[in-house]
Amino acid sequence: MEAVFLILIGAALFSQSWHVMGLYSDGRTVGIFVGGLGVLSLAAVIVLDPMLLTGSGDKTISAANHMAEVTATKALIAVWGLYCIGVAAQSLWDLEEQAVGFFSLIVTVVTVVVFLYYAGVLEPRYGETIWLGLSAASLLLTIISAVVFFALGFTFNVMRAVAGWTLLLCGGTVGVIGLAVAVRAIA
């Protein structure tokens, strides 16, 4: 579940970066692509089981702790899937970008809470590699959503290029972390 989410969201953010930087001539292309990836990531919550947060490797992880970790991960996936669907709606129907910017504030709050949870809890339970992979990915997602909030929510033209490059670089890095999880480089 985590690998699929990170790969899909990384690809969606990478694609959104080209639109934010003004390099796509038609926003509908971004809308279709990002919306499809958002729907797929929401489907991953329902269909797939956790890959990293299995709880089977350590006997000290209680069922309640394991459920809290899985719930935090599913909340992160759900909010980013909804973000992608919002970006798709804005792009498909050529709506105002400020709505995506202000929705990014909600995404930022949820993502920073999940980041703080991961940073404080995962290392003693799962080890450094899983802790570092998930914490780094959630930190990058927090940075992305905060920059998008300031760039699109308040329409600072100076921040538009910063948001585009942040989406490009951090989104690509999130996708690479997802690929590392998928091939079990992080586990």
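Now for a description of the structure that goes with this document. Nothing here was measured: the structure is a model prediction, and the numbers come from that model. Starting afresh in each chain, residues are numbered from 1 along the sequence in its written order. The predicted nature of this model means local features are confined to residues of pLDDT at least 70 and side-chain atom pairs, given and counted, to a pLDDT of 80 or more, with totals for whole chains, interfaces and linings taken over all residues. Side-chain calculation: all heavy atoms of the structure are included, whereas hydrogens and water are not.

## Observations regarding helix 1 (residues 2–20)
What counts, and what does not: Note on conventions: DSSP H or I runs of at least 4 residues are helices, E runs of at least 2 residues are strands, and numbering of each starts at the N terminus. Take the number of residues in a helix, subtract one, and multiply by 1.5 Å to get its expected span. Partly exposed residues are those whose accessible area sits between 20% and 50% of the maximum for their type, while under 20% is buried and over 50% is exposed, using a 1.4 Å probe and protein chains only.
For helix 1, built from 19 residues, the straight-helix expectation of 27 Å at 1.5 Å per residue is met to within 8% by its first-to-last C-alpha distance of 26 Å. Along helix 1, 14 of the 19 residues are buried, which leaves the element largely enclosed by surrounding structure. At the C-terminal side of helix 1, Gly22 shows a positive phi close to 80°.

## Focus: empty space enclosed by the protein
Stated precisely, the cut-off is as follows: Throughout, the protein atoms alone are placed on a 1 Å grid, and a set of points is a cavity if a 1.4 Å probe fits but cannot get out or a pocket if it is open with protein on both sides within 12 Å along at least five of seven lines; lining residues have an atom within 4 Å of a point. Grid points are joined across faces, edges and corners, and a volume is the space filled by probe spheres set on the points. Lys, Arg, Asp and Glu make up the charged group, whereas Ala, Val, Leu, Ile, Met, Phe, Trp, Tyr, Cys and Pro make up the nonpolar group; the residues left over, Gly among them, are polar.
Counted by the stated rule, this structure contains two cavities of 30 Å³ or more. Surrounding the largest cavity, Glu2, Phe5, Leu6, Thr73, Leu76, Tyr118, Leu134, Ala137 and Ser138 form its lining. Looking at the lining of the largest cavity residue by residue, the classes come out as six nonpolar, two polar and one charged. Empty space within the second largest cavity amounts to approximately 40 Å³. Lining the second largest cavity are Gln16, His19, Val20, Val87, Gln90, Ser91, Glu97, Val100 and Leu152. Put simply, the parts of the chain that give the lining of the second largest cavity at least two residues each are helix 1 and helix 3 (63–92). Among the residues forming the lining of the second largest cavity, the class breakdown is four nonpolar, four polar and one charged.

## A short note on the pattern of salt bridges
As a reminder of what qualifies: In what follows, salt bridge is the name for a side-chain nitrogen of Lys or Arg lying within 4 Å of a carboxyl oxygen of Asp or Glu.
What the rule picks out here adds up to three salt bridges. Here Arg125 makes a salt bridge to Glu69, at a shortest N to O gap of 2.3 Å. In this pair, Arg125 is assigned in helix 4 (residues 98–126) and Glu69 in helix 3, connecting sequence segments 56 residues apart. Given the relative accessible area of 0%, Glu69 is considered buried. As a salt-bridge pair, Arg160 and Glu97 come within 2.7 Å of each other at their nearest N and O atoms. Separated by 63 residues along the polypeptide, Arg160 in helix 6 (residues 157–182) and Glu97 in the loop between helix 3 and helix 4 bring together distant segments of the chain. Of the residues examined, Glu97 reaches a relative accessible area of 17% and is grouped as buried.

## Topic: the nonpolar core
What counts here: Take the buried residues of types Ala, Val, Leu, Ile, Met, Phe, Trp, Tyr and Cys, join any two whose side-chain atoms come within 4.5 Å, and each joined set is a nonpolar core. Whether two residues are in contact is decided by their heavy atoms, any of which lying within 4.5 Å being enough.
Counting residues in hydrophobic clusters, the biggest one holds 45 residues, and the most contacted among them are Phe5, Leu13, Trp80, Tyr83, Leu141 and Ile144. Elements that contribute at least two residues to this core include exactly helix 1, helix 2 (27–47), helix 3, helix 4, helix 5 (128–153) and helix 6. The residues contacting Phe5, other than those within four sequence positions of it, are Ser41, Leu76, Ile77, Trp80 and Leu141.

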